[in-house]
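Take a look at the letters that make up each chain.
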Amino acid sequence: MAQKLFLTGGGGMVGRIIQEHPAAAGWDILAPASKELDLTDGTAVADYLWRNKPDLIVHAAGKVGGISANMAEPVAFLDQNTMIGRNVIVCARDAGIKKLINLGSTCIYPRAAPNPLSEDQILQGELEPTNEGYAIAKIFALRLCEYIRREDQTFLYKTLIPCNLYGPYDKFDPKNSHLVPAIIRKVHEAQRDGSSTVEIWGDGEARREFMYAPDLADAVFRAADALPDLPDCMNIGVGDDHTINDYYETVARVIGWEGSFTHDLTKPVGMKRKLSDTTKQSAWGWHPQTSLEDGVAKTYAHFLEISAS
Ligand SMILES: NC(=O)c1ccc[n+]([C@@H]2O[C@H](COP(=O)([O-])OP(=O)(O)OC[C@H]3O[C@@H](n4cnc5c(N)ncnc54)[C@H](OP(=O)(O)O)[C@@H]3O)[C@@H](O)[C@H]2O)c1
Ligand SMILES: C[C@@H]1O[C@H](OP(=O)(O)OP(=O)(O)OC[C@H]2O[C@@H](n3cnc4c(=O)[nH]c(N)nc43)[C@H](O)[C@@H]2O)[C@@H](O)[C@H](O)[C@@H]1O
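Residues numbered from 1 in each chain as written. Chains lettered and ligands numbered in written order. Predicted model: local features only at pLDDT ≥ 70, side-chain atom pairs only at ≥ 80, totals over all residues. Heavy atoms only, no water.

Under the annotation held in an unreviewed UniProt entry, the protein chain carries the name GDP-L-fucose synthase and is attributed to Cognatiyoonia koreensis. UniProt, in the comment section headed Function (unreviewed entry), describes the protein chain in these words: "Catalyzes the two-step NADP-dependent conversion of GDP-4-dehydro-6-deoxy-D-mannose to GDP-fucose, involving an epimerase and a reductase reaction." Regarding the protein chain, the UniProt comment filed under Sequence similarities (unreviewed entry) reads as follows: "Belongs to the NAD(P)-dependent epimerase/dehydratase family. Fucose synthase subfamily." (UniProt positions renumbered as here; feature names shortened; annotations may be inferred.)

This is the structure:
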């Protein structure tokens, strides 16, 4: 009899990719959309968990977006993600569910923390203002898992802290895109329209670490089978980063567009660098397998599919 997995955020990029991972076939997955189960409704979440009693929860739901979305809606990013995190984690504990994987984000690290960012730097300094609300909500959920474990070690509530992610089912709308899907759309449209230039936000010298989301799904299923051995929180990353300009060059190469780039220095740039320390991940014996070129090519192929449909 397959174990029951309650996956929050099943309709999103990470959630859909988790359900497409080969290991998903070994689980009986419950993945209600927000219209079926609004995770901001604590009573509904408690009722759902008591009725379904999953063996494991993977918490991938949230209000998620890139730098401009975070700057535009700090209240919603803080309020919704805190409510969702509290309801999923506390209601799980109250329902006696013993296994939970919570997804954090490397945006929780102090903006001035020396890179690479290690897990012991959490709360050791001011947060990045452009996504402070979201980061506070992510820190809240991470600490909530740790406190529950501190009160009762039988609750295996652990947090995986992914670096920036991209991949199929990403958000390509400029309103809430992260960098990679934003570049894919801009360069694709420049090629389609015969434009010779594409605009980069900022000077392009900021650095980011982006991991292909299917690699995170692989780490999640590996973690599901190894929860007792995991630390309370662990970065999940590629362990190397590139400048924003490099990402634009890579996407242009993959798409085959040979134009040039301009820089809009009035645009927000966020953290100068956000590279995760993958020492714990390496000790755990896992590393992502997808190169940036391959990941971008697969994401672009998916983008073309959904654009054509
Ligand atoms: N994308 C990144 O670069 C990145 C980096 C690090 C960490 N993460 C983390 O990874 C997780 C997944 O991110 P993602 O990129 O997959 O996000 P996403 O594509 O925006 O998906 C988020 C999902 O959360 C669900 N959701 C939002 N509010 C909800 C509510 N009130 N009730 C129920 N469900 C709700 C949405 O469900 P519906 O579609 O049904 O509304 C959506 O499917 C998040 O925890 C995020 O913080 C993401
Ligand atoms: C993982 C996510 O990281 C997010 O921070 P963050 O990496 O700056 O979020 P991104 O939106 O991926 O921006 C990454 C970097 O790319 C630059 N950039 C250049 N051109 C563009 C563009 O066209 N669109 C976008 N979106 N960026 C662009 C942007 O200025 C910033 O320095 C947080 O806001 C979220 O909360 C979350 O934590």
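From this point, the narrative continues.
Asks: Looking at this structure, how should I read the site of ligand 1?
Replies: Looking at ligand 1, there are 27 residues lining it, with Gly12, Val14, Ser34, Tyr134 and Lys171 nearest. One of the side-chain N or O atoms of Lys171 is found 2.7 Å from an oxygen atom in ligand 1. Protein contacts shield 86% of the accessible area of ligand 1, which totals 890 Å² for the unbound molecule. Listed by contribution, the elements that provide at least two residues to the shell around ligand 1 are α1 (13-20), α5 (132-151) and β6 (164-166). Of the residues belonging to the shell around ligand 1, the class tally is 14 nonpolar, 10 polar and three charged. (Near = heavy atom within 4 Å. Polar contact = N/O pair within 3.5 Å; in protein donor to acceptor, adjacent residues only side chain to side chain. Areas by Shrake-Rupley, 256 points an atom, 1.4 Å probe, with all protein chains shown as cover. Helix = DSSP H or I, 4+ residues; strand = E, 2+ residues; numbered from the N terminus. Nonpolar A, V, L, I, M, F, W, Y, C, P; charged D, E, K, R; others polar.)

Asks: When you look at the site of ligand 2 in this model, what are you seeing that I'm missing?
Replies: Near ligand 2 you find 22 residues, and of these Lys186, Arg208, Tyr248, Pro268 and Val269 are the closest. In the model, an oxygen atom of ligand 2 is placed 3.1 Å from a nitrogen or oxygen of the Ser105 side chain. Backbone polar atom of Pro268 to an oxygen atom of ligand 2: 2.7 Å apart, as the coordinates give it. Notes on ligand 2: free accessible area 700 Å², of which the protein chains cover 97%. When contributions to the shell around ligand 2 are tallied by element, the ones reaching two or more residues are α3 (67-72), α6 (179-193) and α8 (244-255). The leading source of residues in the shell around ligand 2 is α6, at three residues. Residues of the shell around ligand 2, tallied by class, amount to 11 nonpolar, eight polar and three charged.

Asks: Can you walk me through the side chain of Gln121 in this structure?
Replies: Within the secondary structure layout, Gln121 lies in the loop between β4 (99-103) and α5. Exposure remark for Gln121: the relative accessible area of 13% places this residue in the buried category. There is a polar contact of 2.6 Å between the side chain of Gln121 and the backbone nitrogen of Ser118. Among all residues touching Gln121, those that are not within four sequence positions of it are Tyr109, Pro110, Ala113, Pro114 and Pro116. (Buried < 20%, exposed > 50% of the residue type's maximum accessible area, 1.4 Å probe, protein only. Contact = heavy atoms within 4.5 Å.)

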